[in-house]
Amino acid sequence: MAISTTVAICLVAYFLIPAMLYLLVPRDPTINPRKRAIVLVLGDIGRSPRMQYHVLSLVETGFLVDFVGYTETAPLQSITENPDIKIHEVKPAEKLRLPRGLPFVVVAAVKVMYLTKQLYQILRSLKNAEYLLVQNPPSLPTMFVCYIFSTFISRRTRYIIDWHNIGYTVLALKLASEKNMLVRISKWYEHWFCRYAFAHFCVTRVMAEVLVRDFKINAFRIIPLPDRPAIQFQPLSVETKANLFSTSPIFSGFNPATDKLVITSTSYTPDEDLTVLLDALSQYDSSSILEKPLPKILTVVTGQGPLQEQFLSEVSKRSWSNVQLRTVWLPAEEYPVVIGAADIGVSLHLSTSGWDLPMKVVDMFGCGVPVIARNFPALSELVVSNRNGLIFNTSDDLAKQLIDVFTTPQLLRTIQKGAVVECGNRWSEMWRITAGPVFHIPNREDLTEVESSSSSDDEY
């Protein structure tokens, strides 16, 4: 009963805010003569590549950009050194010191209020920007705060959502149930407040269909904007690879003439089951001993995240003869170089909704590296089996495919060629053609036509 009362009080307080703001916040006629955009991600901006690419694309087309988010990891140097980009720090709610033993609902409510206050204060200081581009998920409290800001605080600001996934599906995975009361509230909240956005970008065509069908968003306001590699992701020359292998401690003991390099990147979250990779490597190692000689494998796992210690504990239990595994955290400038050295990439991403796509695959394609990816509904929009990669469902599948690509040179050459083809589809060109019209940026007449799943909308 106490928990229900607490939730009711929080909801009433939360929804009284708009009326109070409408009465109390004065209109400010002051307008900066240069176009401004706010890019908001309620996460670590240094680990949000797509939002960083949005920032750079906006600056390249003449905008001043205020970049709002957590600052735990440094973003790209091209962002930190650009005078047209200003970073505004949001302090993560995880740093709050709360009494132990509080119910999850109470802790969640306190954290939401803490983040709401910060976002409101930051956005209010940035009012009169032309556009506010926000990443989703997380949906709470960003959608609500952005609605308040664009409706009552800065009425000239057009609020745009960049859908990376569906927020309530992430919460459902965390709570292990779609029927949980908080998940149902989150689903309603996301459905309701997304309707107030001026436009919607999304990473796949199937997600666009879901937004129309399930969220009842006008199709004219939805622009599929698939991820594409940024310019820093490039195939490595033979000389660059040789220098990297001979100088980087990551590759100590690695013989590129006889061994194979497998790379995967991860956030160590529940939507990536890394034991699938470990089981596949164990099967590969056993096959090397029992059946026929196979190339030795060095597997490099890049990234950070909440389940990293659990993964390292599992790795310590494995014993391999022909497989090595190393975990590293790479700065943004080093990441593309290490990725580009791989013979094959592995993606273990299993979408919570089934409608998003893993950015790591795009990065690998940008470096001309083919990918073996775990299957889910939207994956076919990015990975085509036997053309630019392979698709697996189980650890047995993954083990077999690793054996196949390293014992069948023609297969590896074929998917490598397919990955190199993907290098031609770059973010900057895609963004200007697809997203540019939303920001009233004209397309350059000399742009090469690139394959796109969407078109510019005349309504914008």
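What comes next concerns the included structure.

Procedures and definitions
- Residues numbered from 1 in each chain as written.
- Predicted model: local features only at pLDDT ≥ 70, side-chain atom pairs only at ≥ 80, totals over all residues.
- Heavy atoms only, no water.
- Phe/Tyr/Trp six-rings, centres within 6.5 Å; stacked < 30°, edge-to-face > 60°.
- Helix = DSSP H or I, 4+ residues; strand = E, 2+ residues; numbered from the N terminus.
- Buried < 20%, exposed > 50% of the residue type's maximum accessible area, 1.4 Å probe, protein only.
- Lys NZ or Arg CZ within 6 Å of the ring centre and 35° of its normal.
- Pairing = 2+ DSSP bridges.
- Right-handed = clockwise from strand over helix to strand, strands pointing away.
- Axes fitted to C-alpha atoms, helices over the stretch in contact; angles between N-to-C directions.
- Salt bridge = Lys/Arg side-chain N within 4 Å of Asp/Glu carboxyl O.
- 1 Å grid on protein atoms, 1.4 Å probe; cavity = no way out; pocket = protein on both sides within 12 Å on 5 of 7 lines; lining within 4 Å.
- Points joined across faces, edges and corners; volume = space filled by probe spheres on them.
- Nonpolar A, V, L, I, M, F, W, Y, C, P; charged D, E, K, R; others polar.
- Left-handed = near helix turned anticlockwise from the far one by under 90°.
- Contact = heavy atoms within 4.5 Å.

1. A short note on the packing of aromatic side chains
1) Next: Using the criterion set out here, one finds 20 aromatic pairs in the structure.
2) Next: A centroid spacing of 4.4 Å and a plane angle of 40° characterise the contact between tyrosine 147 and tyrosine 196, whose relative ring orientation is tilted. Placement of tyrosine 147 in helix α5 (residues 142-153) and of tyrosine 196 in the loop between α7 (181-193) and β6 (199-202) is noted, with a sequence separation of 49 residues between them.
3) Next: Residue class for tyrosine 147 comes out buried when judged on its relative accessible area of 14%.
4) Next: Through a chain of ring-to-ring contacts, three or more aromatic side chains come together here, namely Phe144, Tyr147, Phe152, Trp188, Tyr189, Trp192, Phe193 and Tyr196.
5) Next: Just above the ring of phenylalanine 198 sits the side chain of arginine 158; from NZ or CZ to the centre is 4.3 Å.

2. Details of the pairing of strand β5 (residues 158-163)
1) Next: Counting buried residues in β5 gives five out of six residues, a clear majority hidden from the surface.
2) Next: Note: strand β4 (residues 131-136) against β5, six bridges, orientation parallel. Opposite leucine 133, over in β5, you have isoleucine 160 as the bridge partner.
3) Next: Crossover β4 to β5 through α5 is right-handed.
4) Next: Strand direction decides the pairing type here: β5 and β6, joined by four bridges, are parallel. Bridge pairing links isoleucine 160 to alanine 199 in β6.

3. Regarding the sheet that holds strand β13 (residues 389-392)
1) Next: What the six strands build is an open sheet, ordered β10-β9-β8-β11-β12-β13; its pairing is parallel. Pairing within the sheet leaves two strands with one partner each, and these edge strands are β10 (323-328) and β13. In this sheet, neighbouring strand axes are inclined to one another by 20° on average, regardless of whether the strands run parallel or antiparallel.

4. Some remarks on the sheet that holds strand β2 (residues 64-70)
1) Next: Here we have seven strands laid out as an open sheet, ordered β3-β2-β1-β4-β5-β6-β7, and parallel in their pairing. Because the sheet does not close on itself, it has two edges, and the strands there are β3 (85-89) and β7 (222-224). Averaged over all neighbouring strand pairs, the angle between strand axes comes to 20°, with direction disregarded.

5. A closer look at the pattern of salt bridges
1) Next: Overall, the coordinates contain ten salt bridges when judged by the stated rule.
2) Next: Residues arginine 318 and aspartate 279 are paired through a salt bridge, measuring 2.9 Å at the closest nitrogen-oxygen approach. With arginine 318 in the loop between α11 (308-315) and β10 and aspartate 279 in helix α10 (residues 275-290), this residue pair connects regions lying 39 residues apart in the sequence.
3) Next: For aspartate 279, a relative accessible area of 30% translates into the label partly exposed.
4) Next: Here glutamate 314 ties to lysine 317 by a salt bridge, and the two come within 4.0 Å at their closest N and O atoms.

6. Here we look at empty space enclosed by the protein
1) Next: For the structure on display, the rule yields one cavity of 30 Å³ or more.
2) Next: Considered as a void within the structure, the largest cavity measures approximately 40 Å³ in volume.
3) Next: Around the largest cavity, the lining residues are Asp227, Arg228, Pro229, Val362, Phe365, Leu382 and Glu422.
4) Next: Residue composition of the lining of the largest cavity, by class: four nonpolar, no polar and three charged.

7. Thoughts on the packing of helix α4 (residues 104-125) against α5
1) Next: Across the interface, α4 lies against α5 with an axial gap of 10 Å and an inter-helix angle of 35°. Remark: the crossing between α4 and α5 carries right-handed chirality. Here Thr116, Leu119, Tyr120, Leu123 and Arg124 of α4 lie close against α5, whose contacting residues are Thr142, Val145, Phe149 and Ile153.
2) Next: Split by residue class, the contact of α4 with α5 holds six nonpolar, two polar and one charged.

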